Amino acid sequence: EVQLVESGGGLVQPGRSLKLSCAASGFTFSNYYMAWVRQAPTKGLEWVAYISTGGGSTYYRDSVKGRFTISRDNAKSTLYLQMDSLRSEDTATYYCTTGGRNYGYTYDFDYWGQGVMVTVSS
Amino acid sequence: DIQMTQSPSSMSVSLGDTVTITCRASQDVGIYVNWFQQKPGKSPRRMIYRATNLADGVPSRFSGSRSGSDYSLTISSLESEDVADYHCLQYDEYPNTFGAGTKLELK
């Protein structure tokens, strides 16, 4: 059974950092492009970042560029999102998912984690 | 960035209705549009991928279509379990972008 399990969320003050993890199982993690998607309370879904299978290619939405870093450890089947200089507008549930297009390959956002809540507030 | 203009934002529906939700892409995104269903407190569930393909385990009353830059999700003969939020996503270009969502509510 495919599982994506996020962790690392919580309450953090503006300007501080937080690192999310997403532990994958039930599929060959190293073969999949991965992404983070977030959803602010009562709002729609918002794509955040993408990483290629080897980690050498990444993309970010403009509002998190320079503050967030997506990475992965294929040996541990784990995806990460390092979030620095957090702002109140980063408050959301963060989902990891298998998705993205690059180098002629496409992964179609088939698997999703249960989500982890991040609250940025003083 | 590519804008996905989703309509309607909400819809009041009855069981047995045929429901159509549409996303219009501001640029060509080819076939790379997905539709997701999301229920309160739950993760998104992929319903349609690459515009027209039914995801595994999704009932056949769901279908996806494309006409130019307009992408549609149709639910035939709506059942109570289909009452949820629906989101479109384009993943042809980065940043990938979602529509604003459609909330289905029972009359």
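Please refer to the structure placed before this passage.
Residues numbered from 1 in each chain as written. Chains lettered and ligands numbered in written order. Predicted model: local features only at pLDDT ≥ 70, side-chain atom pairs only at ≥ 80, totals over all residues. Heavy atoms only, no water.

Novice: How would you sum up the pairing of strand β8 (residues 70–75) of chain B? Please name residues and give values.
Specialist: Residues and elements named next belong to chain B. Counted residue by residue, β8 has five buried out of six residues, so it is predominantly covered. Alignment of strand β3 (residues 19–25) against β8, held across six bridges, turns out to be antiparallel. Looking at the pairing, Thr 22 lines up with Ser 72 of β8. Note: strand β7 (residues 62–67) against β8, six bridges, orientation antiparallel. Paired with Ser 63 across the two strands is Thr 74, which belongs to β8. (Buried < 20%, exposed > 50% of the residue type's maximum accessible area, 1.4 Å probe, protein only. Helix = DSSP H or I, 4+ residues; strand = E, 2+ residues; numbered from the N terminus. Pairing = 2+ DSSP bridges.)

Novice: Lay out the interface of chain A and chain B in plain terms, naming residues and giving numbers.
Specialist: At the interface, 21 residues of chain A touch 19 residues of chain B. The largest contributions to the chain A side of the interface with chain B come from Leu 45, Arg 101 and Asp 108 of chain A, which together make up 38% of the buried area. The tally of links from chain A across to chain B stands at two salt bridges. Summed over the shared surface of chain A and chain B, the number is 11 residue pairs in polar contact (both at pLDDT 80 or more). Elements represented by at least two residues in the side of chain A that touches chain B include exactly β4 (34–39), β5 (45–51), β9 (92–102) and β10 (105–112) of chain A. Per-element tally for the side of chain A that touches chain B: the top contributor is β10 of chain A, with six residues. Tallied by class, the residues present in the side of chain A that touches chain B amount to nine nonpolar, seven polar and five charged. (Contact = heavy atoms within 4.5 Å. Buried area = accessible area lost by both parts, 1.4 Å probe. Salt bridge = Lys/Arg side-chain N within 4 Å of Asp/Glu carboxyl O. Polar contact = N/O pair within 3.5 Å; in protein donor to acceptor, adjacent residues only side chain to side chain. Nonpolar A, V, L, I, M, F, W, Y, C, P; charged D, E, K, R; others polar.)

Novice: Lay out the nonpolar core in plain terms, naming residues and giving numbers.
Specialist: Residues and elements named next belong to chain A. Formed by 44 residues in total, the largest nonpolar core has its most connected members in Trp 36, Leu 79, Leu 81, Met 83 and Tyr 94. Sorting the residues of this core by element identifies β3 (18–25), β4, β5, β7 (68–73), β8 (78–83), β9, β10 and β11 (116–120) as the ones contributing at least two each. In terms of residues, this core owes the most to one element, β5, which gives six residues. (Core = buried A, V, L, I, M, F, W, Y, C linked by side-chain atoms within 4.5 Å.)

Novice: Go over unusual backbone geometry, please, and point to the residues and values.
Specialist: Apart from glycine, the bulk of residues carry a negative phi angle, and the bulk of peptide bonds sit in the trans form. Cis peptide bonds are those with omega within 30 degrees of zero, and the linkage from Ser 7 of chain B to Pro 8 of chain B qualifies with -5 degrees. As for its position among the elements, Pro 8 of chain B is in the loop between β1 (4–7) and β2 (10–13). In the segment running from Tyr 94 of chain B into Pro 95 of chain B, the intervening peptide bond is cis, with an omega of -5 degrees. With respect to the secondary-structure elements, Pro 95 of chain B resides in the loop between β9 (85–90) and β10 (97–98). Residues other than glycine seldom take positive phi values, yet Ser 77 of chain A does so here, at roughly 50 degrees. In this fold, Ser 77 of chain A is placed in the loop between β7 and β8. One non-glycine residue, Ala 51 of chain B, lies in the positive phi region at around 75 degrees. Counting through the fold element by element, Ala 51 of chain B comes out in the loop between β5 (45–49) and β6 (53–54).

Novice: Provide a residue-level description of the side chain of Thr 98 of chain A, including the pertinent values.
Specialist: Residue and element names in this part refer to chain A. You can see Thr 98 is positioned in strand β9. A distance of 2.6 Å separates the side chain of Thr 98 from the side chain of Asp 110, its partner in a polar contact. Once residues within four sequence positions are removed from consideration, Thr 98 is found in contact with Leu 4, Phe 27, Tyr 32, Tyr 33, Met 34, Tyr 107, Asp 108, Phe 109, Asp 110 and Tyr 111.

Novice: Run through the sheet that holds β8 of chain B, naming residues and quoting values.
Specialist: Residue and element names in this part refer to chain B. Strand order in the open sheet formed by four strands is β1-β3-β8-β7, and the pairing between neighbours is antiparallel. Taken across any chain shown, the strands that pair with only one partner, and hence form the sheet edges, are β1 and β7. Pairs of neighbouring strands in the sheet enclose a mean axial angle of 20 degrees, with direction left out of account. Pairing of β1 with β3 involves four bridges; the strand directions are antiparallel. Across the sheet, the residue bridging to Thr 5 is Arg 24, located in β3. (Axes fitted to C-alpha atoms, helices over the stretch in contact; angles between N-to-C directions.)

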